[in-house]
Amino acid sequence: LERVAALFASAHGLDEGHVLEHLQAREALGSTGFGRGVAIPHCRLEAVKGPTLVALKLQQALDFAAVDALPVGLV
């Protein structure tokens with residue numbers, strides 16, 4: 001989530017900590033791990049008016065509490 005926040009904040013001129021806080025708050029509601037090694041962490045930010053995507057292929061898959069319990073390699 002830290003890397004996603006950093007890339008997103010950089011692209012939109014936002015504070016990285018603010019973006020990370022919102023991503024973590026959303027993740028606290030329930031994992032965004034969809035299964036099959038994919039997670040789609042997301043949040044809403046008032047400063048961003050349209051959809052934006054940051055995609056990462058992880059070198060090492062991580063436990064993301066996905067619904068199928070498989071580690072996540074694509075975020």
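Before any of the text, the structure's been laid out above.
> I keep staring at the overall build of the protein chain and nothing clicks. Help me out?
Scanning the protein chain from N- to C-terminus turns up two helices and four strands. Listed by position from the N terminus, the elements making up the protein chain come as α-α-β-β-β-β. Here the C-alpha atoms of the protein chain give a radius of gyration of 12 Å, agreeing with the 11 Å that 2.2 N^0.38 yields for 75 residues. Per-residue burial for the protein chain yields a buried fraction of 32% across its 75 residues. For the protein chain, contacts bridging at least 24 residues in sequence account for 48% of all contacts bridging at least 6. Treating the 6 positive side-chain charges of the protein chain as one cloud and the 8 negative ones as another, the clouds have centres 10 Å apart.

> Sorry, what's going on with unusual backbone geometry here?
A negative phi holds for most residues other than glycine; trans holds for most peptide bonds. Phi at R36 is positive, roughly 55 degrees, even though this residue is not glycine. Locating R36 in the fold gives a position in the loop between β1 (33-35) and β2 (38-39).

> Which parts of the structure should I look at to understand the packing of helix α1 (residues 2-12) against helix α2 (residues 16-29)?
To characterise two packed helices, one gives the angle between the axes of the helices and the distance between these axes. The interhelical angle for the contact between α1 and α2, taken along N-to-C directions, is 130 degrees, at an axis separation of 8 Å. Here α1 is positioned oblique relative to α2, judged by the angle of their axes. Handedness of the α1/α2 crossing: right-handed. Two secondary-structure elements touch here, α1 through E2, V4, A5, A6, F8 and A9 and α2 through E16, V19, L20 and L23. Of the residues belonging to the contact of α1 with α2, the class tally is eight nonpolar, no polar and two charged.

> Please explain the side chain of E27 as it appears in this structure.
Along the chain, E27 falls in helix α2. Buried E27, no salt bridge; nearest opposite-charge side chain is R26, N-O distance 5.5 Å. Excluding residues that lie within four positions of it along the chain, E27 makes contacts with L1, T32, P41 and F64.

> Mind showing me how you'd approach the environment of Q24 here?
Checked against the element boundaries, Q24 lands in helix α2. Spatially, the C-alpha atoms of Q24 and A61 are 19 Å apart, while their sequence positions differ by 37 residues.

Definitions and limits used
- Residues numbered from 1 in each chain as written.
- Predicted model: local features only at pLDDT ≥ 70, side-chain atom pairs only at ≥ 80, totals over all residues.
- Heavy atoms only, no water.
- Helix = DSSP H or I, 4+ residues; strand = E, 2+ residues; numbered from the N terminus.
- Rg over C-alpha atoms; globule rule 2.2 N^0.38 Å.
- Buried < 20%, exposed > 50% of the residue type's maximum accessible area, 1.4 Å probe, protein only.
- Contact = heavy atoms within 4.5 Å.
- Lys, Arg positive; Asp, Glu negative; His and termini not counted.
- Charge placed at Lys NZ, Arg CZ, Asp CG, Glu CD.
- Axes fitted to C-alpha atoms, helices over the stretch in contact; angles between N-to-C directions.
- Parallel < 35°, antiparallel > 145°, perpendicular 65-115°, else oblique.
- Left-handed = near helix turned anticlockwise from the far one by under 90°.
- Nonpolar A, V, L, I, M, F, W, Y, C, P; charged D, E, K, R; others polar.
- Salt bridge = Lys/Arg side-chain N within 4 Å of Asp/Glu carboxyl O.

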